[in-house]
Amino acid sequence: MKLRTLSIGNSFSQDACGYLHQIAASMNIEWECVNLYIGGCSLETHAANLASGAPAYSLEINGTVTGTMISVSDALKDGTYDIVTLQQASHYSGKLQTYFPYIGTLADAVRAAQPEAKLMIHETWAYETDSTHGAFPNYGRSQRRMYEFLRDAYTYAAKKIGADLIPVGDAVQGLRGNLPEFAYGNGGVSLNRDGFHLSIPVGRCFAAYVWIEKICGADVRNADFVPDGADVNTVHLLELARNYAHEFMNSVK
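Read on for a plain summary of the structure. Source: prediction; values computed, not measured.

## Quick word on the environment of Gln143
With respect to the element layout, Gln143 can be found in helix H6 (residues 143-161). Relative accessible area serves as the criterion here: at 10%, Gln143 is assigned to the buried category. Sequence-wise, Gln143 and Gly53 are 90 residues apart; in three dimensions their C-alpha atoms are separated by 36 Å. Excluding residues that lie within four positions of it along the chain, Gln143 makes contacts with Ala126, Tyr127, Glu128, Thr129, Phe136, Gln173 and Arg176. Within the local environment of Gln143, its side chain forms a polar contact with the backbone oxygen of Tyr127, the two atoms lying 3.0 Å apart. Among the polar contacts made by the side chain of Gln143, one reaches the side chain of Glu128 at a distance of 3.2 Å.

Given below as structure tokens:
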């Protein structure tokens, strides 16, 4: 299988794409993963950048910074993509009013430039329970509340623009609640490295597992990629994460 994807995103798409190419390769999937990065970039800012044509994005390919700055329009013109993903900035993820009209504007541009590509929405995740992120008080410092708000917002937005959802946020919340090894409040490991970004490597790998299961329908239990420097415990956690990603994605089909 061969795939080429473009993510119009931020540091959360950077997390999801960090190991995606390598994990896919271990499953004999040739996946070129292109990410447009601006830290904390919202849908509103993406739409403004689209309108201005500003080369405001750091171009990342297969989890590596290329050193090239690029505009949304130029990225959309660069060959063909099988899938293009959109997402909201994490701090606005549970605020439905911040999605519109911007996500519709971006969806129209993607479909005009890449008519053969599938448009998908990357559902981001709720912050850790003790996160110090400045936007966490907007959700009452409640992970559960933030998750419920972002789940509803992403689900509505995806339906509104006729796009499919990559349910990373749902899967992250499920892993936190169903496997004791990831029950952070009870002594398990956190899936976040700083209270909001995904941990490296387990959190990032888990997001990639969900992408692969959703987009390819492939069984990530067959993935054997292990990041350099992973110790025995990390290898165990990655196995648990793979198994859960497969079970979760089968449960939501």
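## Some points on the environment of Ala113
Mapped onto the secondary structure, Ala113 falls in helix H5 (residues 102-113). Sequence-wise, Ala113 and Phe100 are 13 residues apart; in three dimensions their C-alpha atoms are separated by 21 Å.

## Section: the packing of H6 against helix H7 (residues 168-178)
Where H6 contacts H7, the axes come no closer than 10 Å and their chain directions differ by 150°. For the element pair H6 / H7, the angle class is roughly antiparallel. In this structure, the crossing between H6 and H7 has a hand that is left-handed. Note on element contacts: H7 touches H6 through Gly169, Asp170, Gln173 and Arg176, opposite Gln143, Arg144, Tyr147 and Arg151. In terms of residue class, the contact of H6 with H7 is built from 1 nonpolar, 3 polar and 4 charged.

## Here's the deal with the sheet that holds strand S2 (residues 30-37)
Overall, mixed pairing links the 7 strands, which are arranged S4-S3-S2-S1-S5-S6-S7 in an open sheet. Edge positions in the sheet fall to strand S4 (64-70) and strand S7 (164-166), since each has one partner strand and no second. Pairwise comparison of adjacent strand axes, ignoring direction, gives a mean angle of 25° for this sheet. Two strands pair when backbone bridges link them, and S2 and strand S3 (residues 57-61) are joined in this way by 4 bridges, in the antiparallel orientation.

## Considerations on the side chain of Glu60
Looking at the secondary structure, you find Glu60 in strand S3. No salt bridge is formed by the buried Glu60, whose closest oppositely charged neighbour, Arg204, lies at an N-O distance of 7.2 Å. Beyond its immediate sequence surroundings of up to four residues, Glu60 is in contact with Gln14, Cys33, Val34, Asn35, Tyr37, Val65 and Thr66.

## Some words on the nonpolar core
By size, the foremost hydrophobic cluster in this structure holds 88 residues, and its most contacted members are Trp31, Phe206 and Ile212. Here this core takes 11 residues from helix H8 (residues 202-216), the largest share from any one element.

## Description of H7
Among the 11 residues in H7, 9 count as buried, and that is most of the element. On the buried face of H7, the contacting elements are strand S6 (118-122), H6, S7, H8 and helix H9 (232-251).

## Comments concerning the packing of aromatic side chains
The final tally for this structure, using the stated rule, is 8 aromatic pairs. Here the aromatic rings of Tyr244 and Phe248 are separated by 6.1 Å at their centres, their planes lie at 25°, and the arrangement is stacked. Of this pair, Tyr244 and Phe248 both sit in helix H9, separated by 4 residues, roughly a single helical turn. Across this residue pair, the class does not change: Tyr244 and Phe248 are buried. Grouping aromatic residues by their ring pairs yields a cluster made of Tyr127, Phe136 and Phe196. We note Lys95 situated over the ring of Tyr139; from NZ or CZ to the ring centre the distance is 5.0 Å.

## Quick word on unusual backbone geometry
Going from Phe100 to Pro101, the amide bond is cis rather than trans, its omega being 5°. Summarising the element assignment, Pro101 is placed in the loop between strand S5 (83-86) and H5. With omega at 10°, the peptide bond leading from Ile200 into Pro201 counts as cis. Note that Pro201 resides in the loop between H7 and H8. At Asn28, a position not held by glycine, the phi torsion is positive, near 65°. Relative to the assigned elements, Asn28 resides in the loop between helix H2 (20-25) and S2. Taking relative accessible area as the criterion, Asn28 reaches 69% and is therefore assigned exposed. Even without glycine at this site, Asn62 takes up a positive phi of about 55°. Tracing the sequence through the fold places Asn62 in the loop between S3 and S4.

Analysis parameters
- Residues numbered from 1 in each chain as written.
- Predicted model: local features only at pLDDT ≥ 70, side-chain atom pairs only at ≥ 80, totals over all residues.
- Heavy atoms only, no water.
- Helix = DSSP H or I, 4+ residues; strand = E, 2+ residues; numbered from the N terminus.
- Buried < 20%, exposed > 50% of the residue type's maximum accessible area, 1.4 Å probe, protein only.
- Contact = heavy atoms within 4.5 Å.
- Polar contact = N/O pair within 3.5 Å; in protein donor to acceptor, adjacent residues only side chain to side chain.
- Axes fitted to C-alpha atoms, helices over the stretch in contact; angles between N-to-C directions.
- Parallel < 35°, antiparallel > 145°, perpendicular 65-115°, else oblique.
- Left-handed = near helix turned anticlockwise from the far one by under 90°.
- Nonpolar A, V, L, I, M, F, W, Y, C, P; charged D, E, K, R; others polar.
- Pairing = 2+ DSSP bridges.
- Lys, Arg positive; Asp, Glu negative; His and termini not counted.
- Salt bridge = Lys/Arg side-chain N within 4 Å of Asp/Glu carboxyl O.
- Core = buried A, V, L, I, M, F, W, Y, C linked by side-chain atoms within 4.5 Å.
- Phe/Tyr/Trp six-rings, centres within 6.5 Å; stacked < 30°, edge-to-face > 60°.
- Lys NZ or Arg CZ within 6 Å of the ring centre and 35° of its normal.

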